[in-house]
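As a plain string of letters, each chain reads:
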Amino acid sequence: MGLRSDREDTRAQQEALRTAREEAAEVLAELAAEARALSKAYASRSARVPDGSALAGLVDAARRAEEAVDLAAHDLATARGEDA
């Protein structure tokens, strides 16, 4: 038979969590690349100090992505009845 009547279908929550994790991984990869670029610029001791605003924006994006993953994981646990 189908799903138990006291538990909801969790496919949507599983997909939301998968998507949130993928987006977080992309943001973290961008953050790592920007951090490496800034590190190289500072290490070369160039006269021009790089603008760290891109890094700051990516840090904020990473925080938002982490919150999205946490929320999606919570929604999935709730849908499974694990967090009732």
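Our subject is the structure that appears above.
Residues numbered from 1 in each chain as written. Predicted model: local features only at pLDDT ≥ 70, side-chain atom pairs only at ≥ 80, totals over all residues. Heavy atoms only, no water.

**So, helix 2 (residues 53–79)**
Its 27 residues place the ends of helix 2 39 Å apart at the C-alpha level, agreeing with the 39 Å of an ideal helix rising 1.5 Å per residue. The complete set of buried residues in helix 2 reads Leu58, Ala61, Ala62, Ala65, Val69, Ala72, Leu76, Ala77 and Ala79. Along its buried surface, helix 2 packs onto helix 1 (11–43). In the stretch just after helix 2, Gly81 is the one whose phi turns positive, near 85 degrees. (Helix = DSSP H or I, 4+ residues; strand = E, 2+ residues; numbered from the N terminus. Expected span 1.5 Å × (residues − 1). Buried < 20%, exposed > 50% of the residue type's maximum accessible area, 1.4 Å probe, protein only. Contact = heavy atoms within 4.5 Å.)

**Digging into the pattern of salt bridges**
Counted according to the given criterion, the structure contains 4 salt bridges. Asp9 is the partner of Arg11 in a salt bridge, and the nearest nitrogen-oxygen pair spans 2.4 Å. By relative accessible area, which is 59% here, Arg11 ends up exposed. Each of Glu15, Arg18 and Glu22 takes part in a single network of salt bridges with overlapping partners. (Salt bridge = Lys/Arg side-chain N within 4 Å of Asp/Glu carboxyl O.)

**Some details on the side chain of Thr10**
Within the secondary structure layout, Thr10 lies in the segment before helix 1. Since its relative accessible area comes to 14%, Thr10 is described here as buried. Contact partners of Thr10, with chain neighbours within four places excluded, come to Leu76, Ala79 and Arg80.

**Brief notes about the nonpolar core**
Ranked by size, the top nonpolar core spans 7 residues in total: Leu17, Ala20, Ala24, Ala65, Val69, Ala72 and Leu76. Looking at this core, the elements with two or more residues in it are helix 1 and helix 2. Of all the elements, helix 2 adds the most residues to this core, at 4 residues. Ignoring sequence-local partners within four residues, the contact set of Ala24 consists of Ala65 and Val69. Among the nonpolar cores identified, the runner-up in size contains 5 residues, and Val27, Leu31, Leu58 and Ala61 belong to it. (Core = buried A, V, L, I, M, F, W, Y, C linked by side-chain atoms within 4.5 Å.)

Remember that the coordinates give geometry; whether it matters functionally is a separate question.
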